[in-house]
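# Summary of the model geometry
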Amino acid sequence: MGEVVIEGKTKVVHKIVGSEHVLLQSKDRITAGDGDRAHDMKGKAAISTATTTAIFQLLNNAGIKTHFVKQHSDTAFIANKCEMIPIEWVTRRIATGSFLRRNPGVKEGYRFCPPKLETFFKDDENHDPQWSYEQCVAAQLTCGGVLIGPDELDIMGKTTVTVFEILERSWAALDCSLIDMKIEFGINPTTGEILLADVIDSDSWRLWPAGDRRLMKDKQVYRELKEVTQDALDTVKRNFEWVAERVQHLSPKPHARAVVLMGSASDMAHSEKIKSSCTTYGVPCELRVTSAHKGTDETLKILAEYEGLGCSTVMFPEGAGLCAAQTLAMSDHVIWSKIRAKQLNTWIGLIHADKKARNDK
Ligand SMILES: Nc1ncnc2c1ncn2[C@@H]1O[C@H](COP(=O)(O)OP(=O)(O)O)[C@@H](O)[C@H]1O
Ligand SMILES: [Mg+2]
């Protein structure tokens, strides 16, 4: 382990000698209100690391570009070293908390469709002031050699909303409502790529089981404490543990599959393309050879095996995989997340291509 890159309120970031990775070591520390309230909480580092690890694995698996590499110990994980962009990206599905104070007249519970996006400049001393999109552009921040302009802001904005929607859907499968969320991005100085960075844990969101505010399981419980007693801290810790345990169940194994029936083995090359498209979306795909003309009995037997299989016709192998993925995504949020992230990455690719076309002129 090398020198300390930065030490914040809840984490220490260490260089790893001879690599472009860093170690994010979590502390047994809980803070709120830009550090005005702060307490030691034994076990919090492990709870936070377990939560963050599961969330970043879920997002990496979906195809979102993040800094997360792997968990290193109970309380630390390895990530790509980033030059952090000092903006907090906030998304909200339901209006509550600081949004209501900043927008008098809006009733608690107002539902944003699409999710509301807000940006705050990371500056504890000035209580992280809200920045408009135009202020973010005007600041001309440069991180890791990249000027943070409209394209970069658009990429982070759209990625934030996509990440929110993926996590919202994932939590919904466990009957929990993701109310809002804050995240940070960094630049990989070697590639110039924008990566989702920092952590995503119980400090990053509001989470209401069964959509019921009274059951909240996030750091808001700590923020709202009138008096911070040991009992109260134990309750907060139990909530965080509850989340760290649940989060492990956010990525279920696929429970459905696509099946390709080929009339003969000569269709194999074509069918392999279908399978490869299915795999992109995490849809297990089985290839079977059976001829309805020459071996009707056998084909019917195979069909009976896959009882309940719906059929649709598509012309191109990639389309067949996508079709299967979209059908299954209706009840499988892991597959849904992969489709969503793939759309995002295609969109980001176009922004980069357009920027290059403009610069090459
Ligand atoms: N991949 C990374 N590379 C370098 N720094 C990072 C990375 N991910 C997060 N950080 C930074 O680590 C610092 C420590 O985290 P934290 O204790 O949460 O700080 P803060 O008190 O500023 O919120 C933060 O400044 C954060 O931006
Ligand atoms: Mg932080």
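These numbers were taken from a predicted model, which means no experiment stands behind them. (Residues numbered from 1 in each chain as written. Chains lettered and ligands numbered in written order. Predicted model: local features only at pLDDT ≥ 70, side-chain atom pairs only at ≥ 80, totals over all residues. Heavy atoms only, no water.)

### Overview of the packing of aromatic side chains
This model, assessed by the stated rule, comprises 7 aromatic pairs. Taking 5.4 Å as the distance between ring centres and 35° as the angle between the ring planes, the aromatic pair formed by Phe68 and Phe77 counts as tilted. Judged on exposure class, the residue Phe68 and its partner Phe77 are both buried. When the ring of Tyr110 is compared with that of Phe112, the centres are 5.2 Å apart and the planes differ by 65°; the resulting orientation is edge-to-face. We classify Tyr110 as partly exposed; its relative accessible area is 48%. Here the aromatic residues Phe56, Phe68 and Phe77 are joined through ring pairs into a cluster of three or more. The ring of Tyr222 has Arg37 sitting right over it, with the charged end atom 5.7 Å from the ring centre. Above the face of the Trp336 ring, Arg169 is positioned so that its terminal group lies 3.9 Å from the ring centre. (Phe/Tyr/Trp six-rings, centres within 6.5 Å; stacked < 30°, edge-to-face > 60°. Buried < 20%, exposed > 50% of the residue type's maximum accessible area, 1.4 Å probe, protein only. Lys NZ or Arg CZ within 6 Å of the ring centre and 35° of its normal.)

### Quick notes on helix H6 (residues 230–246)
Between the first and last C-alpha of H6 there are 24 Å, a value that for 17 residues agrees with the 24 Å anticipated at 1.5 Å per step. Considered for burial, the residues of H6 that qualify are Ala232, Leu233, Val236, Asn239, Phe240, Val243 and Ala244. Mapping the buried residues of H6 onto a view down its axis gives an arc of 140°, with all of them on the same face. Residues of H6 that are exposed and point more than 90 degrees away from the buried face comprise Gln230, Asp231 and Arg238. Close packing links the buried residues of H6 with strand S4 (29–32), strand S5 (37–40), helix H1 (44–62), helix H4 (150–172), strand S16 (205–209) and helix H5 (220–223). (Helix = DSSP H or I, 4+ residues; strand = E, 2+ residues; numbered from the N terminus. Expected span 1.5 Å × (residues − 1). Arc of directions from axis to C-beta. Contact = heavy atoms within 4.5 Å.)

### Details of the pattern of salt bridges
Counted by the stated rule, this structure contains 25 salt bridges. Between Asp354 and Arg358 there is a salt bridge whose closest N-O contact spans 3.2 Å. Of this pair, Asp354 and Arg358 both sit in helix H10 (residues 333–360), 4 residues apart, which is roughly one turn of the helix. Salt bridges linked by common partners bring Arg92, Arg102, Glu118, Asp180 and Arg206 together as one network. (Salt bridge = Lys/Arg side-chain N within 4 Å of Asp/Glu carboxyl O.)

### Brief notes about the site of ligand 1
In the vicinity of ligand 1 lie 16 residues, with Lys9, Thr10, Lys11, His67 and Asn80 positioned nearest. At 3.0 Å, a backbone N or O of Cys82 approaches a nitrogen atom of ligand 1. Contact distances for ligand 1 include 3.3 Å between an oxygen atom and a side-chain N or O atom of Lys122. Considered on its own, ligand 1 offers 560 Å² of accessible surface; in the complex 89% of this is hidden by protein. For the shell around ligand 1, the secondary structure elements donating two or more residues are strand S2 (11–15) and strand S3 (21–26). For the shell around ligand 1, the class distribution of residues is 6 nonpolar, 4 polar and 6 charged. (Near = heavy atom within 4 Å. Polar contact = N/O pair within 3.5 Å; in protein donor to acceptor, adjacent residues only side chain to side chain. Areas by Shrake-Rupley, 256 points an atom, 1.4 Å probe, with all protein chains shown as cover. Nonpolar A, V, L, I, M, F, W, Y, C, P; charged D, E, K, R; others polar.)

### Points about the nonpolar core
The nonpolar side chains of a soluble globular protein tend to be buried, and buried together. Of all hydrophobic cores here, the largest spans 65 residues; its most connected members are Leu59, Leu167, Ile200 and Trp205. With 8 residues, H4 is the single largest residue contributor to this core. Each of domain 1 (4–249) and domain 2 (258–331) gives at least three residues to this core. Those residues in contact with Trp205 that sit more than four places away from it in its chain are Thr51, Ile55, Leu167, Trp171, Leu178, Asp180, Met181, Ile200, Asp218 and Val243. Ala32, Met41, Ile47 and Met216 belong to the second-largest nonpolar core, a separate cluster that totals 16 residues. (Core = buried A, V, L, I, M, F, W, Y, C linked by side-chain atoms within 4.5 Å. Domains from an automatic or database assignment.)

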